[in-house]
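# Descriptive structure summary
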Amino acid sequence: MKDTEKSPQQILIVDDEAVVRNGISRALMSKGMIPQSAASGKAALACLRNQSFDLVLLDIRMPDMDGITLLKQIHARYPETRVIMITGYPSIDSAVHCTKLGASDYLVKPFNLDDLEAALKKASVAPAQPKRSAACGNGLKIDSTEKLIVGQSRPMKKIFEKILKVAPTDSTVLITGESGTGKELVAQAIHANSHRRDNEFVAVDCSSLVESLLESELFGHVKGSFTGAHQTKHGFFELANHGTFFFDEVANLSLKIQAKLLRVIQEREFMKVGDQKKINLDIRIISASNSELSESIQKGSFREDLYYRLSVVPIHLPPLRERVEDIPLLIGHFLDKLSRKMKKPVPEVSPDAMDVMREYAWPGNVRELEHTMERILILEDTDVIRVRNLPSFITRRQRELQMFSEEPVTLEELENRYIRFVLKKTKGKKTEAANVLGINRKTLAAKIKKYGIH
Ligand SMILES: Nc1ncnc2c1ncn2[C@@H]1O[C@H](COP(=O)(O)OP(=O)(O)OP(=O)(O)O)[C@@H](O)[C@H]1O
Ligand SMILES: [Mg+2]
């Protein structure tokens, strides 16, 4: 192929027939590509977990898992991977169906090299899938381990780019976002991508420290500087020297410590408690807060000058409910990671269950999602996670939504239906129904009469 720049390079061939796999493989190799192949849906998923592929050539009929099911999973978990379906039993219906599900093209067996090349060309320029950003794909590696920040939503891609831009500098970074949105993970990513990566990343949660000890915890102390200081102690600042200092829940710092901190940041040196010797400080400060610091500034509990020092580069992590596109990717990520840890096969997620989880608001954000996956893996022994395997607090909201999923009606009609529903639930017991509805028996009786309920 001449247009090698645009041609997909990492190709996976999935077909249960060895003849077909080998045929396509040879054809691609004659064009200078080295494809991999898998003989079943399961094997294909294993390959996809280990490596990223630009393109999958996927047979529709396979004994263990049909190509359509696999296509859906690839689309949900690896949205950047393009898929060309191949089949020996063509039909317009299934061609249209596959395209709707995100396939780039549809090839009918037997096909020749020209057909294949044309499909590859088409797939490599097809805009159907989100484009790989220059900086990274669906994730950002934190270190050599499996730790990864994943995300494919627009705000997360912007955040990845920002992390990579700010990491090599020494600017202070203030990370804001609700609890569980990944603030600490972002701080680690900045550290891991900076020239300080071989030195310490010291995280201190300002809310968990005892005020009276905070100063000595941060700056250290010399022996005998106060009652109980039996030994000289290195503070967090000294431990973090030449590395990165992560101040978590920074809004909880007392005004007294804020003043000291400001001085340390300005002067780039500090002293241990009870000591006169100045220590040079070379640290990168990253802080995080899950509350609005501007409110604390207005209330007078946070110094404005310190705020400006700490927030040279602000990074805001939106709550998970505002980046729903990340939910399937995170689910796949945690299922992979946790199953491997528990030495269990990775379960699939049924499309219905995926929809329910996309609609759930995740008040505890990514942490809640991670814990939910762990809980399902431990409690539900299943190959496919279906709606019935989800915890009830997730499906409850789904049931509530269903109540409103029909044609909209007037409030009066809704009241009529709802009263009937509650009466049915309470088996016609009026006192109980009135309690549930939060109205008195008389009012209920009047409404029953009004709506002619028997
Ligand atoms: N984008 C992501 N990709 C992968 N894992 C994530 C992502 N975001 C968060 N996590 C995981 O979710 C959990 C919570 O993240 P983290 O501790 O960074 O949140 P936080 O914002 O600091 O929360 P808190 O405000 O409660 O301290 C961690 O286990 C983290 O690894
Ligand atoms: Mg945190």
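Read on for a plain summary of the structure. (Residues numbered from 1 in each chain as written. Chains lettered and ligands numbered in written order. Predicted model: local features only at pLDDT ≥ 70, side-chain atom pairs only at ≥ 80, totals over all residues.)

Counting residues in hydrophobic clusters, the biggest one holds 64 residues, and the most contacted among them are I175, V186 and I331. Top contributing element to this core by residue count: helix α13 (residues 326-342), with 6 residues. Counting residues domain by domain, this core receives three or more from each of domain 2 (139-317) and domain 3 (321-403). Discounting residues that sit within four places of it in the chain, V186 has contacts with I149, I159, I163, I175, I315 and L317. (Core = buried A, V, L, I, M, F, W, Y, C linked by C-beta atoms within 7 Å. Buried ≥ 20, exposed ≤ 12 C-beta atoms within 10 Å, placed from the backbone. Helix = DSSP H or I, 4+ residues; strand = E, 2+ residues; numbered from the N terminus. Domains from an automatic or database assignment. Contact = placed C-beta atoms within 7 Å.)

Close to ligand 1 lie 17 residues, the nearest being S179, G182, K183, E184 and V366. Elements supplying a minimum of two residues to the shell around ligand 1: β7 (148-150), α7 (183-192), α13 and α15 (365-379). Split into classes, the residues belonging to the shell around ligand 1 amount to 5 nonpolar, 8 polar and 4 charged. (Near = placed C-beta within 6 Å. Nonpolar A, V, L, I, M, F, W, Y, C, P; charged D, E, K, R; others polar.)

Of note in the backbone geometry, H242 takes a positive phi value of approximately 75° without being a glycine. Tracing the backbone shows H242 in the loop between α9 (236-240) and β12 (244-248). For H242, a count of 13 C-beta atoms within 10 Å gives the class partly exposed. For E249, which is not glycine, the phi dihedral falls at a positive 50°. Mapped onto the elements of the fold, E249 is located in the loop between β12 and α10 (255-267).

Let us look at the environment of E249. E249 gets classed as partly exposed once you count the C-beta atoms within 10 Å, which come to 19. Each C-alpha atom of the pair E249 and A446 lies 54 Å from the other, and the pair is 197 residues apart in sequence. When near neighbours in sequence (up to four residues on either side) are disregarded, E249 contacts D205, C206, S207 and S289.

Next up on the list: the environment of C98. Here C98 lies in helix α4 (residues 92-100). Taking C-alpha positions, C98 is 31 Å from W362, a pair spaced 264 residues apart along the chain. In this view, C98 contacts I68, L71, M85, A103 and Y106; residues no more than four positions away in its chain are not counted.

Moving on to the sheet that holds strand β15 (residues 284-289). Pairing within the open sheet is parallel, and its 5 strands lie in the order β9-β12-β15-β8-β16. Each edge of the open sheet is held by one strand with a lone partner, namely β9 (201-205) and β16 (313-317). Direction aside, neighbouring strands of the sheet carry axes that sit 20° apart on average. Two elements, β9 and β12, share 5 bridges in a ladder whose sense is parallel. Considered in β12, the bridge of A203 is made with F246. (Pairing = 2+ DSSP bridges. Axes fitted to C-alpha atoms, helices over the stretch in contact; angles between N-to-C directions.)

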